[in-house]
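Descriptive analysis of the structure
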Amino acid sequence: MQISFYVLSESKAQDLLGFICQLTQTALNKSNQSLLILAEEDVLLGTLDEALWARDASSFIPHQRLNNDSSTATDNTADTADTATKLAPVLLSSYMPIDFDGIVLNITPRPVNDFMAAAGSANPTRVLELIKPDAKSMQEGRNKYKHYQQLEYQLTHFKV
């Protein structure tokens, strides 16, 4: 699996939603795969949902927010993921859908493998990791980098 780390400058970190929208559009333009934006905070998922809808008409990003019903997460995850991938190329979620095989934009502090373990046969082709320029985010990024390195994934990093 290919993992790309994007180490954000202060200005990019201040406009995090704008950068996520821009990176999402770039990923969609360069690939025909679906893109999953993973975020653990419900408030952030809501804000991202609004930001993607608010894009101007020439750069609108079609997307679908997946709901997580913890009472029957396994059954609903499979159904919701199947339905959502037919509706939109971009998915917003706090979990990885079963059988997901596209690109993951991970904005959580955990490595994607934690989400893959819960998703059964999910097999993303590429992971995009965002690292903000604060000490906590940098340390989380280092931890993820070491984790992926131990799994012998192909790692790249970009300063943006």
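Per-chain numbering applies: the sequence of each chain, read as written, is numbered from 1 onward. Given that the model is predicted, a residue must reach a pLDDT of at least 70 before its local features are reported, and side-chain atom pairs must reach 80 or more before they are shown or counted; all residues, however, enter totals for whole chains, interfaces and linings. As a rule here, side-chain values come from all non-hydrogen atoms in the structure, and water together with hydrogens is ignored.

Regarding unusual backbone geometry
Stated formally: Strands are runs of DSSP state E lasting at least two residues, helices are runs of H or I lasting at least four, and both sets are numbered from the N terminus onward. Buried, partly exposed and exposed residues are distinguished by accessible area as a fraction of the type maximum, computed with a 1.4 Å probe on protein chains only: under 20%, between the cut-offs, and over 50%, respectively.
Positive phi values are uncommon outside glycine, yet aspartate 99 reaches one of about 70 degrees. With respect to the helices and strands, aspartate 99 occurs in the loop between β4 (90-93) and β5 (103-106). Note on aspartate 99: relative accessible area 48%, which makes it partly exposed.

Comments concerning helix α6 (residues 135-150)
So the rule is basically this: By this rule the span expected of a helix is its residue count minus one, scaled by 1.5 Å. Arc definition: it is the arc formed by the directions from the helix axis to the C-beta atoms. Only heavy atoms matter for contacts: two residues are in contact if any of them lie within 4.5 Å across the pair.
Its 16 residues place the ends of α6 23 Å apart at the C-alpha level, agreeing with the 22 Å of an ideal helix rising 1.5 Å per residue. All of the buried residues in α6 are Ser137, Gly141, Lys144 and Tyr148. Take α6 and look down its axis: the buried residues cluster within an arc of 65 degrees, on one side only. For α6, the exposed residues lying more than 90 degrees away from the buried face are Ala135, Lys136 and Gln150. Among the structural elements, β1 (2-7), β5, α5 (112-118), β6 (126-131) and β7 (154-159) are those in contact with the buried residues of α6. Immediately downstream of α6, the backbone of glutamate 152 shows phi near 60 degrees, a positive value.

Section: the pattern of salt bridges
Filter applied, for reference: We define a salt bridge as a contact between a side-chain nitrogen of Lys or Arg and a carboxyl oxygen of Asp or Glu at a distance within 4 Å.
Under the definition given, this model contains three salt bridges. One salt bridge connects arginine 110 with glutamate 40, and the closest N-O pair in it is separated by 2.7 Å. Pair noted here: arginine 110 is in the loop between β5 and α5 and glutamate 40 is in the loop between β2 (35-38) and α3 (42-53), with a separation of 70 residues, a long-range link. According to the relative accessible area criterion, glutamate 40 is partly exposed, its value standing at 33%. The salt bridge involving arginine 65 is made with aspartate 42; its shortest N-O contact spans 2.5 Å. Of this pair, arginine 65 sits in strand β3 (residues 63-65) while aspartate 42 sits in helix α3, and the two are 23 residues apart along the sequence.

In short, shape yes, function no, at least from these values alone.
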